[in-house]
Amino acid sequence: MEIILYTLPSCPICHMIKTKLKNRNIDFQEKDFAEIAVQINSVQAPALQVVDEQGNTIIYNSPSQMVGWINQYGE
């Protein structure tokens, strides 16, 4: 599984999501939000991209979706 968190340096929600991922020992890459903003038609960071073992890609772009996914990870 590949997990990428797209963030902005001054984003408090980005910091919160990074902390939650680290607290759950979920490995992730961090990239600049500008790399995905146009693709998901959003100006609000963060975005969490999850690519599962079958190659399916899911992009979460609301904090509640991200926290929900993090809380269910590994269950």
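Provided above is the structure to which this section pertains.
Sequence order sets the numbering: in each chain, residues are counted from 1 along the sequence as written. Reporting in this predicted model follows two pLDDT cut-offs: at least 70 for local features of residues, and 80 or more for side-chain atom pairs to be given and counted; totals over whole chains, interfaces and linings ignore these cut-offs and use all residues. Each side-chain value is derived from all of the structure's non-hydrogen atoms; neither hydrogens nor water enter the calculation.

Asker: Explain the nonpolar core here, please?
Answerer: Taken as a class, soluble globular proteins show a tendency for nonpolar side chains to be buried jointly. Think of a nonpolar core as a cluster: buried Ala, Val, Leu, Ile, Met, Phe, Trp, Tyr and Cys residues, connected wherever their side-chain atoms sit within 4.5 Å. A 1.4 Å probe rolled over the protein chains alone gives each residue an accessible area, and that area as a share of the maximum for its type sets the label: buried under 20%, exposed over 50%, partly exposed in between. In this structure, I3, L5, I17, L21, I26, L48, V50, Y60, M66, W69 and I70 together form the largest nonpolar core, which totals 11 residues. Of all the secondary-structure elements, those providing two or more residues to this core are β1 (2-7), α1 (12-23), β3 (47-51) and α3 (63-72). Secondary structure follows DSSP: runs of H or I at least 4 residues long count as helices, runs of E at least 2 residues long count as strands, and numbering of each begins at the N terminus. Here this core gets three residues from one element, more than from any other, and that element is α3. If you look at the next biggest cluster of nonpolar residues, it comprises 10 residues, including I4, I36, A37 and A45.

Asker: I'm lost on the pairing of β1 in this one. Help?
Answerer: It is a general feature of regular strands that their side chains alternate between the two faces of the sheet. The buried count for β1 comes to five of six residues, which makes it a mostly enclosed element. Any two strands with at least two DSSP-identified bridges between them are counted as paired. Here five bridges tie β1 to β3, and the two strands are oriented antiparallel to one another. Looking at the pairing, I3 lines up with V50 of β3. Here β1 pairs with strand β2 (residues 29-32) via four bridges, running parallel. From the neighbouring strand, T7 faces β2, where its bridge partner is D32.

Asker: Explanation requested: the packing of aromatic side chains in the structure shown.
Answerer: Given two aromatic rings, one states the distance between the centres and the angle between the planes to describe the pair. Pairing of aromatic side chains here covers Phe, Tyr and the six-membered ring of Trp, requires ring centres within 6.5 Å, and sorts the geometry by plane angle: under 30 degrees stacked, over 60 edge-to-face, intermediate tilted. By the definition in use, this model includes one aromatic pair. Judged by centre distance (5.0 Å) and plane angle (50 degrees), the rings of W69 and Y73 are tilted. Its relative accessible area of 14% is what places W69 among the buried residues.

Asker: What is the right way to look at α3 in this model?
Answerer: An α-helix turns once per 3.6 residues; consequently, residues spaced three or four apart project the same way. Among the residues of α3, M66, W69 and I70 are the ones counted as buried. Summarising the axial view, the buried residues of α3 lie within an arc of 100 degrees, below the 170-degree limit, and thus occupy one face. For α3, exposure combined with an orientation more than 90 degrees from the buried face picks out S64 and Q72. Of all possible arcs, the one meant is that of the directions from the helix axis to the C-beta atoms.

Asker: What is the right way to look at the pattern of salt bridges in this model?
Answerer: Pairing between side chains becomes possible if they bear opposite charge and their charged atoms approach one another. Each salt bridge in this description consists of a side-chain nitrogen of Lys or Arg and a carboxyl oxygen of Asp or Glu lying within 4 Å of one another. A complete count under the given rule lists one salt bridge for this structure. Of the charged contacts, one joins K18 and E30 as a salt bridge, the two residues approaching to 3.1 Å between their closest N and O atoms. Here the residue K18 occupies a position in helix α1, and E30 occupies one in strand β2, the gap between them amounting to 12 residues. Residue classification places E30 among the partly exposed positions, given a relative accessible area of 42%.

Asker: Teacher, can you tell me more about the side chain of T7 here?
Answerer: Residue placement: T7 occurs in strand β1. What makes two residues a contact is simply this: any of their non-hydrogen atoms within 4.5 Å. Residues in contact with T7, not counting those within four places in the same chain, are C14, E30, K31, D32 and F33.

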